[in-house]
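Listed below are the residues making up each chain.
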There are 4 protein chains.
Amino acid sequence: MANLKGFSLPLSPEGKANLLPPPPWHYSGDFMTIEYRADPDAVIALLPDELEPADDPGAVNLIFADWQSCSENGREITEPYYSQYKEVMFYVGAKYKGKPVCRCVYIWVDKDYAMLRGLVQGFPKKLGEVWMTRPTTVGKAGMRLEPGGIFAGTLSAGGRRLVDAKVTLKEITQNGPTVSDPPLHNSRHLPGIDGTEPAIYELVTFSGTDKEIGPIWYGDAEITLFDSPFDELKALEPKEMLGSYYHSFGYTFAGGKVLEQHKV
Amino acid sequence: MANLKGFSLPLSPEGKANLLPPPPWHYSGDFMTIEYRADPDAVIALLPDELEPADDPGAVNLIFADWQSCSENGREITEPYYSQYKEVMFYVGAKYKGKPVCRCVYIWVDKDYAMLRGLVQGFPKKLGEVWMTRPTTVGKAGMRLEPGGIFAGTLSAGGRRLVDAKVTLKEITQNGPTVSDPPLHNSRHLPGIDGTEPAIYELVTFSGTDKEIGPIWYGDAEITLFDSPFDELKALEPKEMLGSYYHSFGYTFAGGKVLEQHKV
Amino acid sequence: MANLKGFSLPLSPEGKANLLPPPPWHYSGDFMTIEYRADPDAVIALLPDELEPADDPGAVNLIFADWQSCSENGREITEPYYSQYKEVMFYVGAKYKGKPVCRCVYIWVDKDYAMLRGLVQGFPKKLGEVWMTRPTTVGKAGMRLEPGGIFAGTLSAGGRRLVDAKVTLKEITQNGPTVSDPPLHNSRHLPGIDGTEPAIYELVTFSGTDKEIGPIWYGDAEITLFDSPFDELKALEPKEMLGSYYHSFGYTFAGGKVLEQHKV
Amino acid sequence: MANLKGFSLPLSPEGKANLLPPPPWHYSGDFMTIEYRADPDAVIALLPDELEPADDPGAVNLIFADWQSCSENGREITEPYYSQYKEVMFYVGAKYKGKPVCRCVYIWVDKDYAMLRGLVQGFPKKLGEVWMTRPTTVGKAGMRLEPGGIFAGTLSAGGRRLVDAKVTLKEITQNGPTVSDPPLHNSRHLPGIDGTEPAIYELVTFSGTDKEIGPIWYGDAEITLFDSPFDELKALEPKEMLGSYYHSFGYTFAGGKVLEQHKV
């Protein structure tokens, strides 16, 4: 296109209107991470044919994240609406060609640009309302990052509560969450316009660059997942809690690659 | 996929989690439509190479729509959150292989499912906050569908006002809006995961079925478009008002077809 | 005050900043009304000492309303954000000095001006997310006002579902809802700044003027009330359904009067 | 009332439904504070008769605050929706009986409980959409609390931008903002139900307890105030910037006292 500019829709003459400026996209956030075991069959049922079950096939990582993000051109700096968003993600373990991978199976965000970035990266994003305790250093209304500190997260969508989570901090640890450690293997998908086969359905991988992590707090967690006619979270209910964590995390997304086309 | 079901992401074991059930998608709504002429160069600058300028090259159709929609499986019937949304669209005229077409160049909606349906249909959707006067039949607080009735629409995104519009009704007419009459020629687009070329960028067309239109009110309109670092609406400012309309409209989307791949 | 103008806070030099312009306030809306019997003790427990139980002491009227409202100065006409709001109300019957009255015991709205108007009128308003099916006349996505038409309402607050309601229309009737027919007897209340006794706690009454009602549809209803740590709706669960209705309604609020000070 | 419990409406049998549990209310937050001089006449025009102009009569303090708050009963701890809110406040200086005081003349918050607490404390609260940069410690997407760090705030209401603000940090200072240092003198106000005289209109004062403040960053600020048919902020435009600050702040509200009734 000679005249139309932009990384995403809407393309426009000046290239300002696009919902997404091009990567790299930088992220700085706070993470509340809860690892647990669900029914292995329920986890395996979420894997595409190209992925095999993990060695710990029921392991799930539930993450609440409170993000700031920006693109390289920096237009978000003085418009925090366009840099701040919150999200809730369910990661599971799997294997690809025999090697451990992880995969995001469900995810909710609260901004449109985050939703479209998700479609680019193979995150199956929907909009939701996410709330998450923030650590504070003054006053009596905020939890400190200290033993006994309680950090809560809630997820709702369509006016229905989907997730209640709570972590009670115990101590700083050297070992963080493990389920989402292996390379991320998501699937990009866009329905075709004829309403039958998907136009895109491909297994992709990417790993961020410039990763930075703050002190990792370890703690005890509780999770309640709720039923809904629009979601299937109950199938992922915890059978056994593993570990939970609170920490800051930063990284940069600079693109990924397509591994193969999914069979339809 | 043997085990994963759904028309859109997220795919899931039961197929309830997908943001979009498959078409047909049914729509019933109220339309406030304002046709005007903008600077022809500004309109032409929004066309991809595959489309030529319309005979009336600066014609624009600004539509505020207050929708209810549902899919064939009807899960939205008792959850109006999932059926009601509002949107603002800018349509322009063009030609494709010498024949008149129309094209949606900018569009804002206020729900995630509407946003993803847009990506399927080639609408360049972003989220916005849309408000639109509704006609009433009782009390002193609502406009009647009658001469002198004032119907207003406002669009904001990211906490910034983008569009103020107002139509004052004059009379019922037999002739409705014309700019968006020819077949719709949108472009579907999804960035590639490597951050360079789009993975999908294709010219598509579709026309709804089962169209139904209520009585068409004609009126006089005013529009103000506002500047923003994230949009380019000022370039489409009215130079000359054409006609404005208020009416109900229903149709069904049952799929479209790809015409050609855009050159990148 | 010589220099500060306004009917409500914030008072300001020009009087434009006040959240509420003075009455009269005009209202035009659509009502979904469901009458039922709850546990009489639960209803009686919601009455202040100055009111006695109604003859039908467990009768409750649950109303979903989709409003447009405006003040006399009309500044809301071209800003539908400031005229449109939705609300959910629970009314119960009672007696005052031996005569039948009604009383709003719980109410949620989705705009700030509606919330403050509520405090003026003795409605115990909180913010909530309200969705409500709208009747349509075209297309396959909207319910018609006709036998078999299904009209649904949902209420959520703080990301928790509180009420699911559904009315299936049967026929037009001459007799509308009755629980909220007698004069409204609300209580205005504002805590004192010292945190002990309320500064205002008074029994008030008002009846709208210029009431107008559209055709009344009668139907069958279902209600589900949900538990929450922030509400007490479960106590009002239906024991027996009475009648349900869908109709338009308009009126004007032009002030009310104080009947007596509540004992504290 | 024997049977109805609660600090605020709605009063209820169990006392869970009230929008506000009783004080003490604890607050922990982050403050972006910008002090400047506006036209002194515009500031003086915002004072009630009982207050005299300050020695620096045009001084204004614009505060963006990102709060967590809770009541003594702690029900907000696992429901961050009920503890987190953001607000934007305009404070001005004044004198009461010859002694320096400060006064909040305009304020916007984004939650209902914060709005009602405001009415109790004499803050003239309306709802608005507030965004505010948060400091981060990892990644490339967040500003650090360090020289050159840019912290931005935006306020919108009704889909209109009202305030854009930006502070560029320079250094840690020992001296914080001064305009809002003297005792707060707000006015509580509730219209009467007859629509004529206010039922409450009283000058009140309170000072928090258990105040705690973090390191204070000093910086340079820019502010843009926007026109609106529903607000009067343009009259408070900066004529001269004073100082700007970023710091954490905690305090507890345990009640205040009425000084006198305003003349109406």
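Every value quoted in this text rests on a predicted model; they were computed, and no experiment measured them. (Residues numbered from 1 in each chain as written. Chains lettered and ligands numbered in written order. Predicted model: local features only at pLDDT ≥ 70, side-chain atom pairs only at ≥ 80, totals over all residues. Heavy atoms only, no water.)

**A word on the interface of chain A and chain B**
Interfaces are often described in size by the accessible area the parts lose on coming together.
Working step 1: Taken together, the contacts link 71 residues of chain A with 71 residues of chain B.
Working step 2: Roughly 6,100 Å² is buried in total at the junction of chain A and chain B, and carbon and sulfur atoms are behind 65% of that figure.
Working step 3: Here chain A is connected to chain B by two salt bridges.
Working step 4: Taking the shortest distance from any N to any O, the salt bridge between B:Arg160 and A:Glu79 comes out at 2.4 Å.
Working step 5: For the interface between chain A and chain B, the tally reads 25 residue pairs in polar contact (both at pLDDT 80 or more).
Working step 6: Mapped by element, the contributors of at least two residues to the side of chain A that touches chain B are β4 (99-109), α2 (112-121), β5 (125-127), β9 (184-191), β10 (198-206) and β14 (257-261) of chain A. (Contact = heavy atoms within 4.5 Å. Buried area = accessible area lost by both parts, 1.4 Å probe. Salt bridge = Lys/Arg side-chain N within 4 Å of Asp/Glu carboxyl O. Polar contact = N/O pair within 3.5 Å; in protein donor to acceptor, adjacent residues only side chain to side chain. Helix = DSSP H or I, 4+ residues; strand = E, 2+ residues; numbered from the N terminus.)

**Remarks on helix α2 (residues 112-121) of chain D**
Residue and element names in this part refer to chain D.
Working step 1: Taking burial as the measure, the ten residues of α2 include ten buried ones, the bulk of the element.
Working step 2: When we look at burial in α2, the residues that qualify are Asp112, Tyr113, Ala114, Met115, Leu116, Arg117, Gly118, Leu119, Val120 and Gln121.
Working step 3: Of the residues flanking the end of α2, it is Gly122, one or two places downstream, whose phi is positive at about 80°. (Buried < 20%, exposed > 50% of the residue type's maximum accessible area, 1.4 Å probe, protein only.)

**Here we look at the pairing of strand β10 (residues 184-191) of chain D**
Residue and element names in this part refer to chain D.
Working step 1: The element β10 is largely enclosed, with a buried count of eight among its eight residues.
Working step 2: Neither face of β10 is exposed, since Leu184, Asn186, Arg188 and Leu190 on one face and His185, Ser187, His189 and Pro191 on the opposite face are all buried.
Working step 3: Relative to strand β11 (residues 198-206), β10 runs antiparallel, the two being bridged by eight bridges. Among the inter-strand pairings, His185 is bridged to a residue of β11, identified as Thr205.
Working step 4: Hairpin connection from β10 to β11: six residues lie between these consecutive antiparallel strands, with Gly195 at a positive phi of about 80°. (Pairing = 2+ DSSP bridges.)

**Side note on the side chain of A:Glu232**
Working step 1: On the secondary structure map, A:Glu232 appears in the loop between β12 (216-225) and β13 (240-253).
Working step 2: Notably, A:Glu232 is buried but unbridged: the nearest opposite-charge side chain belongs to B:Lys16, and the N-O separation is 6.0 Å.
Working step 3: A polar atom in the side chain of A:Glu232 sits 3.2 Å from the backbone nitrogen of B:Ala17.
Working step 4: Once you skip the residues sitting within four places of it in the chain, A:Glu232 turns out to touch A:Tyr106, B:Ser12, B:Pro13, B:Glu14, B:Gly15, B:Lys16 and B:Ala17. (Lys, Arg positive; Asp, Glu negative; His and termini not counted.)

**What to know about the relation of the copies chain A and chain B**
Working step 1: Structural alignment of chain A on chain B gives an RMSD of 0.0 Å, achieved by rotating through 180° and translating 0.0 Å along the axis. In symmetry terms, the pair is related by a two-fold rotation axis.
Working step 2: Interface overlap between copies is the fraction of interface residues in one copy that are interface residues in the other; for chain A against chain B it reaches 100%, indicating a shared surface. (Least-squares fit on C-alpha atoms with pLDDT ≥ 70 in both.)

**With respect to the relation of the copies chain C and chain D**
One copy of the chain maps onto the other through a rotation about an axis plus a displacement along that axis.
Working step 1: For these two chains of identical sequence, chain C goes onto chain D by a turn of 180° and a shift of 0.0 Å along the axis, with RMSD 0.0 Å.
Working step 2: Of the interface residues in chain C, 100% have counterparts in chain D that sit at the interface too, so the contact is made through matching surfaces.

**Notes on the packing of helix α2 (residues 112-121) of chain C against α2(D)**
Working step 1: Close contact between α2(C) and α2(D) brings their axes to 12 Å; oriented N to C, the two are set at 45°. With respect to each other, α2(C) and α2(D) are oriented oblique. The crossing of α2(C) and α2(D) is right-handed. Contact residues: C:Asp112, C:Met115, C:Leu116 and C:Leu119 in α2(C); D:Asp112, D:Met115, D:Leu116 and D:Leu119 in α2(D).
Working step 2: In terms of residue class, the contact of α2(C) with α2(D) is made up of six nonpolar, no polar and two charged. (Axes fitted to C-alpha atoms, helices over the stretch in contact; angles between N-to-C directions. Parallel < 35°, antiparallel > 145°, perpendicular 65-115°, else oblique. Left-handed = near helix turned anticlockwise from the far one by under 90°. Nonpolar A, V, L, I, M, F, W, Y, C, P; charged D, E, K, R; others polar.)

**Considerations on the pattern of salt bridges**
Working step 1: Evaluated as defined, the whole model comprises 64 salt bridges over all chains.
Working step 2: The salt bridge partner of A:Glu222 is A:Lys166, with a shortest N-O separation of 3.7 Å. Placement of A:Glu222 in strand β12 and of A:Lys166 in strand β8 (residues 160-173) is noted, with a sequence separation of 56 residues between them.
Working step 3: Each of A:Glu79, B:Arg160, D:Arg161 and D:Asp164 takes part in one network of salt bridges that share partners.

**Description of the interface of chain C and chain D**
Working step 1: Taken residue by residue, the interface counts 71 residues in chain C and 71 residues in chain D.
Working step 2: For the pair chain C and chain D, the number of links is two salt bridges.
Working step 3: Here the side of chain C that touches chain D is built from residues that sort into 41 nonpolar, 14 polar and 16 charged.

**Considering the side chain of D:Lys111**
Working step 1: With respect to the element layout, D:Lys111 can be found in the loop between β5 (99-109) and α2.
Working step 2: Buried and without a salt bridge, D:Lys111 has D:Asp110 as its closest oppositely charged side chain, separated by 5.2 Å.
Working step 3: Excluding residues that lie within four positions of it along the chain, D:Lys111 makes contacts with A:Trp131, D:Tyr81, D:Gln84, D:Tyr85 and D:Leu127.

**Here's the deal with the packing of aromatic side chains**
Working step 1: Throughout the structure, instances matching the rule amount to 76 aromatic pairs over all chains.
Working step 2: Note on D:Tyr27 and D:Tyr251: the rings are 4.8 Å apart at their centroids and 5° apart in plane angle, and the pair reads as stacked. Placement of D:Tyr27 in strand β1 (residues 25-37) and of D:Tyr251 in strand β14 (residues 240-253) is noted, with a sequence separation of 224 residues between them. The same class applies to D:Tyr27 as to D:Tyr251, namely buried.
Working step 3: Relative to D:Tyr113, the ring of D:Tyr85 has its centre 6.2 Å away and its plane inclined at 90°; by these criteria the two rings are edge-to-face. Here the residue D:Tyr85 occupies a position in strand β4 (residues 84-96), and D:Tyr113 occupies one in helix α2, the gap between them amounting to 28 residues.
Working step 4: When its relative accessible area of 2% is taken as the criterion, D:Tyr85 is described as buried.
Working step 5: Three or more aromatic residues link up through ring pairs in this structure, and these residues are A:Tyr81, A:Tyr82, A:Tyr85, A:Tyr113, B:Phe230 and D:Trp131. (Phe/Tyr/Trp six-rings, centres within 6.5 Å; stacked < 30°, edge-to-face > 60°.)

**Regarding the environment of D:Asp39**
Residue and element names in this part refer to chain D.
Working step 1: Turning to its location among the elements, Asp39 is positioned in the loop between β1 and α1 (40-44).
Working step 2: Note: C-alpha distance between Asp39 and Leu51 (twelve residues apart in sequence) is 18 Å.
Working step 3: Of note is the side chain of Asp39, whose polar atom sits 3.0 Å from the backbone nitrogen of Asp41.

**Regarding the nonpolar core**
Working step 1: Grouped together as the largest cluster of nonpolar side chains are 162 residues, with contacts concentrated most on C:Leu62, C:Phe90, C:Val163, D:Leu62, D:Phe90 and D:Val163.
Working step 2: In this structure, C:Leu62 is in contact with C:Met32, C:Thr33, C:Ile34, C:Tyr36, C:Val88, C:Met89, C:Phe90, C:Val163, C:Ala165 and C:Ile223, ignoring residues within four places of it in sequence.
Working step 3: With 122 residues, the next largest nonpolar core counts A:Ile200, A:Phe206, A:Leu236 and A:Phe253 among its residues. (Core = buried A, V, L, I, M, F, W, Y, C linked by side-chain atoms within 4.5 Å.)

**As for unusual backbone geometry**
Working step 1: Here A:Pro23 and A:Pro24 are connected by a cis peptide whose omega angle stands at 10°.
Working step 2: Summarising the element assignment, A:Pro24 is placed in the segment before β1 (25-37).
Working step 3: The peptide bond linking B:Leu9 to B:Pro10 adopts the cis configuration, its omega dihedral lying at -15°.
Working step 4: A positive phi angle is found at A:Lys97, which is not glycine, with a value near 50°.
Working step 5: By secondary structure assignment, the location of A:Lys97 is in the loop between β3 (84-96) and β4.
Working step 6: For A:Asp210, which is not a glycine, the phi torsion comes out positive at approximately 55°.

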